Amino acid sequence: MKLYHLSWIFVLAAFLTSCQEEDSDSGDKHFKAGNYQQAVTAYEIYLETNPKHVKSEYNRGRAYEELGEYDKAEAAYKRVLEIDNKNVQANMSLGKHHYREGDFEGAAYYFDQATSIDPNNANATFLKARSYHKAGNVEEAMGEYNNAISLDKNLGDAYLYRGALKIHLKRTSSACDDFRQAKNLNISEAENAINNYCQ
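Residues numbered from 1 in each chain as written. Predicted model: local features only at pLDDT ≥ 70, side-chain atom pairs only at ≥ 80, totals over all residues. Heavy atoms only, no water.

Enquirer: When you look at the state of the cysteines in this model, what are you seeing that I'm missing?
Expert: Structurally, a disulfide amounts to a covalent bond that connects the sulfur atoms of two cysteines. Scanning all chains against the criterion turns up one disulfide. Note that cysteine 176 is cross-linked by a disulfide to cysteine 198, the S-S spacing being 2.0 Å. Residues cysteine 176 and cysteine 198 are joined by a disulfide whose S-S torsion is about -100°; by sign, that bridge is left-handed. In this pair, cysteine 176 is assigned in helix H10 (residues 172-184) and cysteine 198 in the segment after helix H11 (189-197), connecting sequence segments 22 residues apart. Using a relative accessible area of 14% as the deciding quantity, one classes cysteine 198 as buried. (Disulfide = S-S within 2.5 Å. Helix = DSSP H or I, 4+ residues; strand = E, 2+ residues; numbered from the N terminus. Buried < 20%, exposed > 50% of the residue type's maximum accessible area, 1.4 Å probe, protein only.)

So this is what it looks like as structure tokens:
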């Protein structure tokens, strides 16, 4: 009799586990289909019993972001960092959140966290440069544009914005070299920059 009850307990546990996994998978399917509110609901159901599941928490934040609920997205990304403080994606998303809100120092902080975890992340380095640039920290911005380009020679936006910073510093000849390189890398805005500064 005891063995019979034990086997049913294992069956029930397996059923509940598969249901929970389905909730997480369901969230992913809803997200891919653009059904962001349904995705949030599915992730929340899953997180009730799996509160430390990083992927579901992060994806819930992304779904909130798609819904324009940026404060809830920020809270979800911060919960990811409470679970995994080395999570590059959460740091990147928080950096983008602060950048969108006009808090460029805050954005630079989170992009710096991302590059501390992954020093070869050219995109995080570039976004850190953009944040410093927007905050008016010229020297730091220039250093990070240089770093981003050294990590990825094909990062056209880094050439474009480094060129813009050089124009600010009245280094026109060097700026034009950057604009031309950006144009070679198919950055559409580079043509206007060349026309405005390099003729």
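Enquirer: I keep staring at the packing of aromatic side chains and nothing clicks. Help me out?
Expert: Note on aromatic pairs: each is described by the distance of the centres and the angle between the planes. A complete count under the given rule lists seven aromatic pairs for this structure. When the centroid spacing of 5.3 Å and the interplanar angle of 40° are considered together, the rings of tyrosine 58 and tyrosine 77 count as tilted. Taken together, the residues span a long stretch of sequence, with tyrosine 58 in helix H3 (residues 54-66) and tyrosine 77 in helix H4 (residues 70-83) at a distance of 19 residues. Here the two residues tyrosine 58 and tyrosine 77 agree in accessibility, since each one is buried. An angle of 40° between the planes, with centres 6.2 Å apart, marks the rings of phenylalanine 126 and tyrosine 161 as tilted. One end of the pair, phenylalanine 126, is in helix H7 (residues 122-135); the other, tyrosine 161, is in helix H9 (residues 156-168), with 35 residues separating them in the sequence. Linked through ring pairs, Phe126, Tyr145 and Tyr161 together constitute an aromatic cluster. Here the basic side chain of arginine 100 rests over the ring of tyrosine 70, its NZ or CZ set 3.9 Å away from the ring centre. (Phe/Tyr/Trp six-rings, centres within 6.5 Å; stacked < 30°, edge-to-face > 60°. Lys NZ or Arg CZ within 6 Å of the ring centre and 35° of its normal.)

Enquirer: Sorry if this is basic, but what is going on with the pattern of salt bridges here?
Expert: Pairing is possible between side chains of opposite charge, provided their charged atoms come close. Using the criterion set out here, one finds 13 salt bridges in the structure. Here arginine 79 makes a salt bridge to glutamate 57, at a shortest N to O gap of 3.3 Å. With arginine 79 in helix H4 and glutamate 57 in helix H3, this residue pair connects regions lying 22 residues apart in the sequence. Residues glutamate 144 and lysine 128 are paired through a salt bridge, measuring 3.6 Å at the closest nitrogen-oxygen approach. Of the two residues, glutamate 144 sits in helix H8 (residues 138-151) while lysine 128 sits in helix H7, which places them 16 residues apart along the sequence. Here the salt bridges do not stand alone but share partners, grouping Glu44, Glu57, Arg60 and Arg79 into one network. (Salt bridge = Lys/Arg side-chain N within 4 Å of Asp/Glu carboxyl O.)

Enquirer: Explanation requested: H11 in the structure shown.
Expert: Along an α-helix, residues three or four positions apart point the same way, because every turn accommodates 3.6 residues. Along H11, the positions that sit buried rather than exposed are Ala190, Ala193 and Ile194. The arc that holds every buried residue of H11, seen down its axis, measures 100°, which confines them to one face. (Arc of directions from axis to C-beta.)

Enquirer: Just checking my understanding: could you explain H7 for this structure?
Expert: Counted at 1.5 Å a residue, the expected span for H7 with its 14 residues is 20 Å, and the 20 Å between its end C-alpha atoms agrees. Counting buried positions along H7 yields ten of 14 residues, so the element is predominantly enclosed. Of all the residues in H7, the buried ones are Ala122, Ala124, Thr125, Phe126, Leu127, Lys128, Ala129, Arg130, Ser131 and Tyr132. Check the buried side of H7 and you find it contacts helix H5 (88-100), helix H6 (104-117), H8 and H9. At the N-terminal boundary of H7, the capping side chain belongs to asparagine 121, with an oxygen 3.3 Å from the backbone nitrogen of asparagine 123. At the exit of H7 stands glycine 136, carrying a positive phi of roughly 85°. (Expected span 1.5 Å × (residues − 1). Contact = heavy atoms within 4.5 Å. Polar contact = N/O pair within 3.5 Å; in protein donor to acceptor, adjacent residues only side chain to side chain.)

Enquirer: Before we go on, may I ask you to explain the nonpolar core in this structure?
Expert: Side chains of nonpolar character tend, in soluble globular proteins, to be buried together. By size, the foremost hydrophobic cluster in this structure holds 31 residues, and its most contacted members are Phe126, Leu160 and Phe179. No other element matches the six residues that H7 contributes to this core. With residues up to four places along the chain from it excluded, the contact list for phenylalanine 126 reads Tyr145, Ala148, Leu155, Asp157, Ala158 and Tyr161. (Core = buried A, V, L, I, M, F, W, Y, C linked by side-chain atoms within 4.5 Å.)

Enquirer: Looking at this structure, how should I read the confidence of the model for the protein chain?
Expert: Detailed reading of the predicted coordinates is not advisable wherever pLDDT is low. This prediction gives the protein chain a mean pLDDT of 91; 88% of its residues lie at or above 70. Here residues 1-21 is modelled with pLDDT under 50, and outside its nearest four sequence neighbours on either side it reaches four contacts, counting other chains as well. (pLDDT = per-residue confidence, 0-100.)

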